[in-house]
Structures are given as structure tokens and as C-alpha cells.
Amino acid sequence: MKARPSSGFGHYLRDLVYGALDGAITTMAVVAGAAGAELSIRAGLIMGLANLVGDGISMGASNYLGLKSELEQTARSVVEEAPWRHALATFVAFVVVGSVPLLGFVIGPLVHVSILPVAAALTAAALLGTGACRAPFVDRPMWRSALEMFVVGAVACLAAYLVGAVAARLL
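Thresholds applied
- Residues numbered from 1 in each chain as written.
- Predicted model: local features only at pLDDT ≥ 70, side-chain atom pairs only at ≥ 80, totals over all residues.
- Heavy atoms only, no water.
- 1 Å grid on protein atoms, 1.4 Å probe; cavity = no way out; pocket = protein on both sides within 12 Å on 5 of 7 lines; lining within 4 Å.
- Points joined across faces, edges and corners; volume = space filled by probe spheres on them.
- Helix = DSSP H or I, 4+ residues; strand = E, 2+ residues; numbered from the N terminus.
- Nonpolar A, V, L, I, M, F, W, Y, C, P; charged D, E, K, R; others polar.
- Patch = residues over 30% accessible without salt bridge, like charges linked within 9 Å, V, L, I, M, F, W, Y side chains within 5 Å.
- Areas by Shrake-Rupley, 256 points an atom, 1.4 Å probe, with all protein chains shown as cover.
- Salt bridge = Lys/Arg side-chain N within 4 Å of Asp/Glu carboxyl O.
- Buried < 20%, exposed > 50% of the residue type's maximum accessible area, 1.4 Å probe, protein only.
- Expected span 1.5 Å × (residues − 1).
- Contact = heavy atoms within 4.5 Å.
- pLDDT = per-residue confidence, 0-100.
- Axes fitted to C-alpha atoms, helices over the stretch in contact; angles between N-to-C directions.
- Parallel < 35°, antiparallel > 145°, perpendicular 65-115°, else oblique.
- Left-handed = near helix turned anticlockwise from the far one by under 90°.

Reported here for the second largest pocket is a volume of approximately 200 Å³. Lining the second largest pocket are Phe9, Leu13, Leu16, Val17, Ala20, Ala93, Val97, Thr130, Cys133, Arg134 and Phe137. Among the elements of the structure, helix 2 (13-36), helix 5 (83-98) and helix 7 (115-138) are those that each provide at least two residues to the lining of the second largest pocket. In terms of residue class, the lining of the second largest pocket is made up of 9 nonpolar, 1 polar and 1 charged.

Here it is in C-alpha cells:
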């Protein structure tokens, strides 16, 4: 078993993957839910931006407190590990990758295509790219790591779309 690197991207891999995957999924879920509920572009974009900021901060803070708690519980140095750096890595990955689905609100209308398929394609590319970047750190083939990230994200996004569509019909 490989030890976690003490510095660099490898040291923050968990935080980066966690933030990127959650950012893409939750923001795409907002886009998919808004499309399923047939909300306006304005409402979907506002909800997406609010999610990006609010959930990004929540993810970073949760990672910070979770890691700090783990370090304190195991009597390891909070100062040496610097949980705030892990929180920052999570937040940045969340916001950067989580912004990708929102580009559908910009690109879709520009090219006269529905927002949902554009956002879905961009999110798929972001998940595949994040998975491919993860591959060298986990000693997996690039295609397998990319596919793993994509499948997890696709299942969550499909569920969000279906909930939005069903809720719009029921409410």
C-alpha cells in the first residue's frame, strides 16, 4: 500500500476529488432539477450560483472540521496537517468543476440549444477529465478512473432530473 504523499496534489487528492465530484454533481443536479421542473433560465442560474457558493463553503468547512476532529481524536498535530489547506482545496475544486454545468446557461442560448444537454455534456467532460487527472495518483488506467467518476456523477444527475420532473407534475 502506498503512503499518501506529504505534499503536492497527491497530498490533497482526496480533497480535490471530493470537491470536484460534489461540485459537478450538486450543480448539475440544480440544472437538471430546474430543467425537469421547467423553471426559467433565470431561476435555474440563480439557484445554481447560490448552490455553488453556499455548498462550496459548506463542503470546505465540513472537510476542515472533519479533518480537524480526526486529527484531534488521534492526537496528531492540527498545526502540521493544516486542515484549512484541505478545506481550501475542497472549496476550489468544488467551485472550479462545479461551475462547468452553469456554462450550459451561457452556451445553450448562444448556440440555440437546450441548456440541459449542453450542461450535461460539459459536466460529463468535467467528470471524465477529473477522473483522468486522478488516474496517475491511484495507479489505475486513465479510462477506468474517468469512467468511475462519470458513472457516479451520471447516476446522481439523472436522479435529480427525475425528482424535478416528478415533483413538477405532482406539485
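A contiguous nonpolar surface patch, about 500 Å² in accessible area, is contributed by Leu103, Val106, Ile107, Leu110, Val111 and Val113. Note that valine 113 resides in the loop between helix 6 (103-110) and helix 7. Look at valine 113 and you get partly exposed, because its relative accessible area is 40%.

Take helix 3 (residues 41-73) next. The terminal C-alpha atoms of helix 3, which comprises 33 residues, lie 46 Å apart, in line with the 48 Å expected from a rise of 1.5 Å per residue. Within the span of helix 3, buried status applies to Gly44, Gly48, Asn51, Leu52, Asp55, Gly56, Met59, Gly60, Asn63, Leu67 and Leu71. Looking at the buried positions of helix 3, the neighbouring elements they touch are helix 2, helix 4 (78-81), helix 5 and helix 6. Following helix 3 by one or two positions, alanine 75 has its phi on the positive side, about 55°.

With that settled, consider helix 8 (residues 142-170). Its 29 residues place the ends of helix 8 42 Å apart at the C-alpha level, agreeing with the 42 Å of an ideal helix rising 1.5 Å per residue. Where helix 8 is buried, its residues touch helix 2 and helix 7.

Turning our eyes to something else, we now look at the confidence of the model for the protein chain. Looking at the protein chain as a whole, the pLDDT averages 91, with 98% of positions reaching at least 70. Confidence, expressed as mean pLDDT per element, reaches its minimum in the protein chain at helix 1 (residues 8-11) with 84 and its maximum at helix 5 with 96.

Its place among the elements puts tyrosine 12 in the loop between helix 1 and helix 2. For tyrosine 12 and alanine 89, which are 77 residues apart along the polypeptide, the C-alpha to C-alpha distance reads 6.9 Å. Residues in contact with tyrosine 12, not counting those within four places in the same chain, are Arg85, His86 and Ala89.

Take the packing of helix 2 against helix 3 next. Where helix 2 contacts helix 3, the two axes come as close as 9 Å, and the packing angle between them is 155°. Looking at the two axes, helix 2 sits roughly antiparallel to helix 3. When you trace helix 2 past helix 3, the crossing you get is right-handed. For the pair formed by helix 2 and helix 3, the contact residues are Arg14, Asp15, Tyr18, Asp22, Thr26, Thr27, Val30 and Ala34 on the first element and Gly44, Met47, Gly48, Asn51, Leu52, Asp55, Met59, Asn63 and Leu67 on the second. In the contact of helix 2 with helix 3, the residues fall into 7 nonpolar, 6 polar and 4 charged.

So, on to unusual backbone geometry. A positive phi angle, close to 50°, is found at alanine 82, a residue other than glycine. With respect to the helices and strands, alanine 82 occurs in the loop between helix 4 and helix 5. You can call alanine 82 buried: its relative accessible area is 8%. Its identity is not glycine, yet histidine 112 carries a phi of approximately 60°, on the positive side.

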